[in-house]
Amino acid sequence: MLVSLKDLLKIAKDENFAVAAPIVFNHDSIVAAYELMEEEQAPLIFNIADRGPEYIRKMAELVRFVDKDYPKARVTLMLDHGRSYESMMAAVCNGFGAVMADYSTLSYQDNLAAVKRICEPAHAVGVSVEAELGHVGQGFEYEKTRDNTLSDPDEVVSFVKDSACDALAIAVGTSHGVYKGTPRIDFERLSKIRSLVDTPLVLHGGSGTGDDNLSKAVQLGINKVNLHTDLARSYINENKMADETKLNFFQYYMAGVNGWKEECRRYIRLFNSQNQLEKY
Ligand SMILES: [Zn+2]
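Computed from a predicted model, the values in this text were never measured in an experiment.

S.K.: Just checking my understanding: could you explain the overall build of the chain for this structure?
M.R.: The helix and strand tally for the chain stands at 11 helices and 8 strands. Computed over its C-alpha atoms, the radius of gyration of the chain comes to 18 Å, within 12% of the 19 Å expected for a compact globule of 280 residues. Along the three orthogonal principal directions, the C-alpha set of the chain runs to about 55 × 40 × 35 Å. Long-range contacts, defined as pairs at least 24 residues apart, comprise 71% of the intrachain contacts of the chain with a sequence gap of at least 6.

Quick look at the structure:
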């Protein structure tokens with residue numbers, strides 16, 4: 001069953017676990033994710049990349065088509081990193097449960113104004129909005145940019161109040177893609193922010209952050225962790241690349257889907273979200 005991000009994360013916050021939010025991208029990844037929910041009794045968030053309104057509409061139809069076969073699953077269909085008003089409205093109009101309004105590179109005031117602009121139509125039809133304050137950058141420039149755009153706890157308080165966003169992605173030292181350098185998470189900042197606001201908190205750039213760091217971040221109050229790179233690369237470990245040349249396209253592809261699924265399972269367990277479906 002498709003539910004809003006607000007409803008999905010309320011229970012995660014009350015029960016102190018995090019929901020894994022992988023990018024799903026086609027029929028096989030969606031089916032693998034539904035199988036995982038059933039096998040692990042865990043909720044999931046399906047991140048859909050912003051590849052424009054037409055792609056968004058097709059992915060919504062595809063997810064609903066598969067969803068019918070898994071009545072006990074609880075999943076939020078979510079536009080990840082919404083880059084334009086048109087894309088976000090396409091998600092709102094096509095039954096998504098959430099959009100991420102990605103304006104974190106703008107000034108505080110411009111970010112706030114843009115998030116409020118999408119909150120109005122989204123909330124009118126029960127769609128949740130995730131905003132980002134501070135900016136989670138890219139791993140290849142981690143050492144250069146890590147300290148520049150961490151979330152300011154005082155700004156977080158006023159931002160969630162004035163924007164009415166339903167979840168907030170915060171920058172506490174994680175990064176998108178592959179880290180160049182060692183991840184350093186500012187747990188003190190995370191705890192401070194958690195103590196100041198009730199809004200569920202989101203960690204982008206979960207891949208490569210390390211199990212100990214992620215586990216601690218969840219204990220301290222992160223309720224959603226975005227994952228992509230680790231899941232997309234996991235097939236490399238599974239096949240050790242040695243047999244690569246012996247695989248045909250279909251075998252190679254299925255190894256990718258299976259590796260993706262098993263890595264996602266590992267994270268579901270790390271975030272303590274297994275066996276939580278009965279609470280929904
Ligand atoms: Zn992200």
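S.K.: Honestly, helix α5 (residues 108-124) in this entry has me stumped. Any pointers?
M.R.: One turn of an α-helix holds 3.6 residues; hence residues three or four places apart share an orientation. In a regular helix each residue adds 1.5 Å, so 17 residues correspond to 24 Å; α5 covers 24 Å between its end C-alpha atoms and thus fits that length. Packing partners of the buried residues in α5 comprise α4 (85-93), β4 (98-101), β5 (128-133) and α7 (153-163). Of the residues trailing α5, G126 is marked for its positive phi of about 75°.

S.K.: Before we go on, may I ask you to explain unusual backbone geometry in this structure?
M.R.: Trans peptide bonds make up the majority, and among non-glycine residues the majority have a negative phi. In the Ramachandran plot, H81 falls in the positive-phi region, its phi being about 45° despite a non-glycine side chain. The residue H81 is located in strand β3 (residues 75-82) in this model. The buried category is assigned to H81, around which 20 C-beta atoms lie within 10 Å.

S.K.: What exactly am I supposed to notice about the sheet that holds strand β1 (residues 19-22) here?
M.R.: Pairing between the strands of a sheet is mediated by backbone hydrogen bonds and can be parallel or antiparallel. Strands sit in the order β1-β8-β7-β6-β5-β4-β3-β2 across an open sheet of 8 strands; the sheet is parallel. Taken across any chain shown, the strands that pair with only one partner, and hence form the sheet edges, are β1 and β2 (44-49). Between one strand and the next, the sheet's axes are offset by a mean angle of 30°, whatever the strand orientation. Where strand β6 (residues 167-170) and strand β7 (residues 201-203) come together, 2 bridges link them in parallel fashion. What sits directly across from L168, in β7, is L201. α5 contacts β4 and β5 of the sheet and is inclined by roughly 175° relative to β5.

S.K.: Sorry if this is basic, but what is going on with the pairing of β2 here?
M.R.: A regular strand places its side chains on the two faces of the sheet in alternate fashion. β2 sits mainly inside the fold: 5 of its 6 residues count as buried. Of the crossover connections in this fold, the one passing from β2 over helix α3 (residues 53-67) to the parallel β3 is right-handed.

S.K.: Looking at this structure, how should I read the pairing of β6?
M.R.: Going residue by residue along β6, you find A167 and A169 tucked away on one face and L168 and I170 tucked away on the opposite face as well. Bridge count for β5 against β6 is 4 bridges, and the pairing is parallel. By the bridge assignment, A131 is partnered in β6 with L168.

S.K.: Honestly, the nonpolar core in this entry has me stumped. Any pointers?
M.R.: The nonpolar side chains of a soluble globular protein tend to be buried with one another. Counting residues in hydrophobic clusters, the biggest one holds 77 residues, and the most contacted among them are M78, V99 and L168. The residues contacting V99, other than those within four sequence positions of it, are M78, L79, G82, M88, A91, V92, I118, A122, V127 and V129.

S.K.: Looking at this structure, how should I read the environment of A73?
M.R.: Among the secondary structure elements, A73 is positioned in the loop between α3 and β3. Expressed as a C-alpha distance, the spacing of A73 and S163, which sit 90 residues apart in the sequence, is 30 Å. What A73 contacts, discounting residues up to four positions off in sequence, is M1, Y34, M37 and E38.

The rules behind these values
- Here the residue numbering is sequential within each chain, running from 1 through the sequence in written order.
- Local features in this predicted model are restricted to residues whose pLDDT is 70 or higher, and side-chain atom pairs enter the listing and the counts only when it is 80 or higher, whereas totals over whole chains, interfaces and linings include all residues.
- Strands here are runs of E lasting at least two residues and helices are runs of H or I lasting at least four, both read from the DSSP assignment and numbered beginning at the N terminus.
- With the radius of gyration taken over C-alpha atoms, the globule rule is written as 2.2 Å times the number of residues to the power 0.38.
- Note on contacts: each residue gets a C-beta atom placed from the backbone, and two residues are in contact if those atoms are within 7 Å.
- In this scheme, a helix's expected span is set at 1.5 Å multiplied by one less than its residue total.
- Buried means a residue has 20 or more other C-beta atoms within 10 Å of its own C-beta, exposed means 12 or fewer, and partly exposed covers the counts in between; C-beta atoms are placed from the backbone.
- Here, any two strands with at least 2 DSSP bridges between them count as paired.
- Orientation is described by axes fitted as lines to C-alpha atoms, over the contacting stretch for helices, and by angles from 0 to 180 degrees between their N-to-C directions.
- Here the term right-handed applies to a crossover when the path leading from its first strand over the helix to its second strand runs clockwise, the strands being oriented away from the viewer.
- The nonpolar core criterion groups buried Ala, Val, Leu, Ile, Met, Phe, Trp, Tyr and Cys residues into a set whenever they are joined through C-beta atoms within 7 Å.

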